[in-house]
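Coordinate analysis (summary)
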Amino acid sequence: MTGPGGGAYSASAEASGVLEFLTHKEDPVGFAARFGADRRLPGRPSLVAREVTLGAGWPVHQYRLPLSGQADPQAYAALEREVAAAVALERRYGSERYGEVFTRMIGFDLEAPEPFILYRIHGGEPISTRRGALTVDEQHQVLAQLTLAVRLLEDVGLVHRAIAPETVSWDGTHVRLAEPYGALRTGEPRGAFGAAPWASPEQREGMGGADARDDLWAVAQLMYFLLSGRADRGMGPPADLADFRRLAALDHGGVFAPLAVERPTPTELMRLLNVTDPLVSAPGVTDPLGRARADFDAQLARKRRELGLDRPVEETAVQTPGPARRSLRSLLGAVPPANGAGPRPVAEPVHEPPASPRPRLCPHCLLPVTFDESMLLTISPKGDRIPLDLSTEHRPAHRQDALRQAFHRCPHADGDRSHELPVPYLTNGEPLSIALVGSSAVGKTHLLAAMLGEIEQGGLEPYGLKCLPLNPASHRTFLRERVQGLHQGKQLASTGQQTFARFADGLLVSGRGPTRPVVFFDLAGEDLAQEGEVTGFLMGVGAFIFVLDPLRALRLPFLDPVRERNKLRRRDLGDEAFTTVLNRIQRRGPYIDAPAAVAVNKSDLVRFDPSVDRWLGRALPERFDADAVRAESRDAYAFVSHHASSAWLKPFDDCARCTLHFVAATGGQARGDEFPHGVRPRRVLAPLLSIFAMCGLLPGAEPREVGA
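Residues numbered from 1 in each chain as written. Predicted model: local features only at pLDDT ≥ 70, side-chain atom pairs only at ≥ 80, totals over all residues. Heavy atoms only, no water.

If you tally the helices and strands in the protein, you get 21 helices and 25 strands. Across the protein, the fraction of contacts at a sequence separation of at least 24, relative to all contacts at a separation of at least 6, is 70%. Of the roughly 29300 Å² of accessible surface on the protein, a fraction of 51% belongs to carbon and sulfur atoms. (Helix = DSSP H or I, 4+ residues; strand = E, 2+ residues; numbered from the N terminus. Contact = heavy atoms within 4.5 Å. Areas by Shrake-Rupley, 256 points an atom, 1.4 Å probe, with all protein chains shown as cover.)

For the rest of this paragraph, the subject is the sheet that holds strand β17 (residues 407–409). What the four strands build is an open sheet, ordered β16-β15-β17-β18; its pairing is antiparallel. With one partner strand each, in any of the chains shown, β16 (385–387) and β18 (420–422) form the two edges of the open sheet. Pairs of neighbouring strands in the sheet enclose a mean axial angle of 40°, with direction left out of account. Sheet analysis places β17 next to β18, joined by three bridges and oriented antiparallel. Considered in β18, the bridge of R409 is made with E420. (Pairing = 2+ DSSP bridges. Axes fitted to C-alpha atoms, helices over the stretch in contact; angles between N-to-C directions.)

Read across the open sheet, the seven strands follow the order β20-β21-β22-β19-β23-β24-β25; overall the sheet is mixed. Of all strands in the sheet, those with a lone pairing partner are β20 (466–469) and β25 (658–662), marking the two edges. Each adjacent strand pair in this sheet contributes to an overall mean axis angle of 25°, direction not counted. Alignment of strand β23 (residues 543–548) against strand β24 (residues 596–600), held across five bridges, turns out to be parallel. Paired with V547 across the two strands is A599, which belongs to β24. Across the sheet, helix α13 (residues 472–487) touches β20 and β21 (505–510), and the angle it forms with β21 is around 115°. The strands that helix α17 (residues 576–584) touches are β19 (432–437) and β23; relative to β23, the one it contacts most, it runs at about 160°.

Our next topic: the packing of helix α3 (residues 136–155) against helix α7 (residues 266–273). For the pair α3 and α7, interaxial distance at closest approach is 9 Å and the crossing angle is 155°. Classified by the interaxial angle, the pair formed by α3 and α7 is roughly antiparallel. Here α3 and α7 pass one another in a crossing that is left-handed. Along its contact with α3, which presents H140, L143, T147, L148, V150, R151 and E154, the element α7 presents P266, T267, L269, M270 and L273. A per-class count over the contact of α3 with α7 returns seven nonpolar, three polar and two charged. (Parallel < 35°, antiparallel > 145°, perpendicular 65-115°, else oblique. Left-handed = near helix turned anticlockwise from the far one by under 90°. Nonpolar A, V, L, I, M, F, W, Y, C, P; charged D, E, K, R; others polar.)

Scanning all chains against the criterion turns up 45 salt bridges. Taking the shortest distance from any N to any O, the salt bridge between R64 and D38 comes out at 3.0 Å. Taken together, the residues R64 in strand β5 (residues 58–64) and D38 in the loop between β2 (28–35) and β3 (39–41) connect sequence positions 26 residues apart. In this structure R64 comes out as buried when scored by relative accessible area, which is 5%. (Salt bridge = Lys/Arg side-chain N within 4 Å of Asp/Glu carboxyl O. Buried < 20%, exposed > 50% of the residue type's maximum accessible area, 1.4 Å probe, protein only.)

Among the secondary structure elements, H24 is positioned in the loop between β1 (18–22) and β2. On the basis of relative accessible area, H24 is assigned to the buried category, the value being 19%. Filtering out sequence-adjacent residues up to four positions away, H24 remains in contact with V87, E90, R91 and M105.

Each disulfide consists of one covalent bond between the sulfur atoms belonging to two cysteines. For the structure on display, the rule yields zero disulfides. Looking at C658, it has no disulfide partner, and the nearest cysteine sulfur is the one in C655, 5.5 Å off. The buried category is assigned to C658, whose relative accessible area is 2%. (Disulfide = S-S within 2.5 Å.)

With that settled, consider unusual backbone geometry. A cis amide bond links A196 with the next residue in sequence, P197, at an omega value of 0°. You will see that R161, though not glycine, has its phi angle at about 70°, which is positive. Positive phi is not limited to glycine here, since K602 has a value of about 55°.

Bringing the confidence of the model for the protein into the picture now. With 89% of its residues at a pLDDT of 70 or more, the protein has an overall mean of 88. Across residues 6–10, confidence stays below pLDDT 50; counting only partners more than four residues off in sequence or on other chains, it has 24 contacts. Under a pLDDT of 50 for its full length, residues 315–348 has, in the predicted model, 88 contacts with residues more than four places off or in other chains. (pLDDT = per-residue confidence, 0-100.)

Time to look at the environment of A86. Here A86 shows up in helix α2 (residues 73–93). Judged by its relative accessible area of 5%, A86 falls in the buried class. For the pair A86 and E179, spaced 93 residues apart in sequence, the C-alpha separation works out to 7.6 Å. When neighbours within four sequence positions are excluded, A86 is seen to be in contact with M105, I117, Y119 and P180.

Next comes the structure, spelled out in structure tokens:
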């Protein structure tokens, strides 16, 4: 039977009498097990619960997502969020006495055919049974411990969102919160959750970002319920609140205020209640990545100093390195268009060639191509090249539509290297070529498909970018063969080796400045790792996305079973493709000018590490924030530096401007040729947004402040 993380659990678990799972440290364990009957969970329709007896007699609760509940695409995501929250609490407070205010997690397996989480079975009964019956001392204990629980949640960046009479237990000495099935990370969009009066007005309406003070509202409402014996309406302070002297501190502190910003923080409320905060007196948590973060800060400061970016714009004589040397037009000696001072209206792409078109470098052979109407052609569904004659077409709209779909033969193509360019590549702004770099099986093809799938669904529009296909027919083919297959949970075939590099797909991107063609190269890792003729196109690439595979890079023992299953070995010498490409590209001084991003792909494999979860667990914000990009780059650099050899950070070392991002193209592991729980791309547009910002395409972003 396959171990946890590889689909260990199935109906055969009952037959074999063994249950395998991962602990909160992601150590694999297995126990003889006896399984009780399934029962439904109130308010959680997708899950089933049952008691499982582990070993000689250790009863635990198992919450499981059965096959029948997996039709809901949100069900798996909800269980995954719960596991992430439970792991964070157990790692932070599992060895602390005050951690008993939480329901304690035993283990989990999210890759099982029926994913599950295990919890300890604790004593006590719902605190609702004690309404109107708590002694004065018990009232103080309950309030102090509930406030402490909210404070502890806040310290790990979580909001519980499900504090209510039926989800808080009391054993006569301690309160205990229920499983964090509704938890969100602080600052995440609230999403409508819960009911009055326990959920705050903002939480019920799904307004703003999750806040620890949402949980304090629930604590206040619960205390009023326990003392008065009835629930309030949940719109603000209860009308008879003054009748309950034990609630005076909550009243005067503003905890019943309908808006979170008007309530005290957990720390302020603890001071008001004269409750000791154990986190103040506890020894500080040592940051295992502290040294690596300091290394990132020092290296970034050195780069900015050497590149002149540490001085104000009006004082520096050194221009921000960008795609100018790498751009196709600059290689011909032309002056690149100005980026502009700020956002501009999105312009419609111009497909009609200008009167005196400037030559473009062919992204394949790097030779100049000038628009010539006699070189136009179309490509039939069978791949036949058919000459296109527009000399008799005088209707402007029809002519422009024909040019939009047409190709232009490269005059330098011959023999088996015959190739053509979409006409819009020659008739719009300065082209940008982006190459995905990495060895075979690192996930380049899946990442590109996930990126273009997100773009197709409007993922770039919140950032002021409008995208159209560079060639409609080619784009449709890519969507049908790659993106749709991925979205259907199919594992994509590896990119085959080529004798001549061709871009996989292209877009027309309108944002800051003129509309620009953007083409994506996705070559086989074997091709990229060799300095052969097929990779000659790299000399004209404008930006790079280096795809880092945790399975090859990270010295984390819990990844060993996944490595073994995928027949991969860890490499201390870094990625061969990274090294070959970086060594081949011309430099200005010590650095490569072309903007670069490192995508730590398959980050779902390490998603429970706090540095990873801080980013991967959140959706991309709908506004590009250079400071947040720098903070993510710092965390990603430190994480890789701490768990891998320095060779894996060579792109950051060698490129003048480079960002680092945690991404997941699929969000799960394949079994056979499919992803059994579907694909859940995460933050896949982050590297591309950084590239666009560094290249001056992204409205509102200052290119010199991104990546350096």
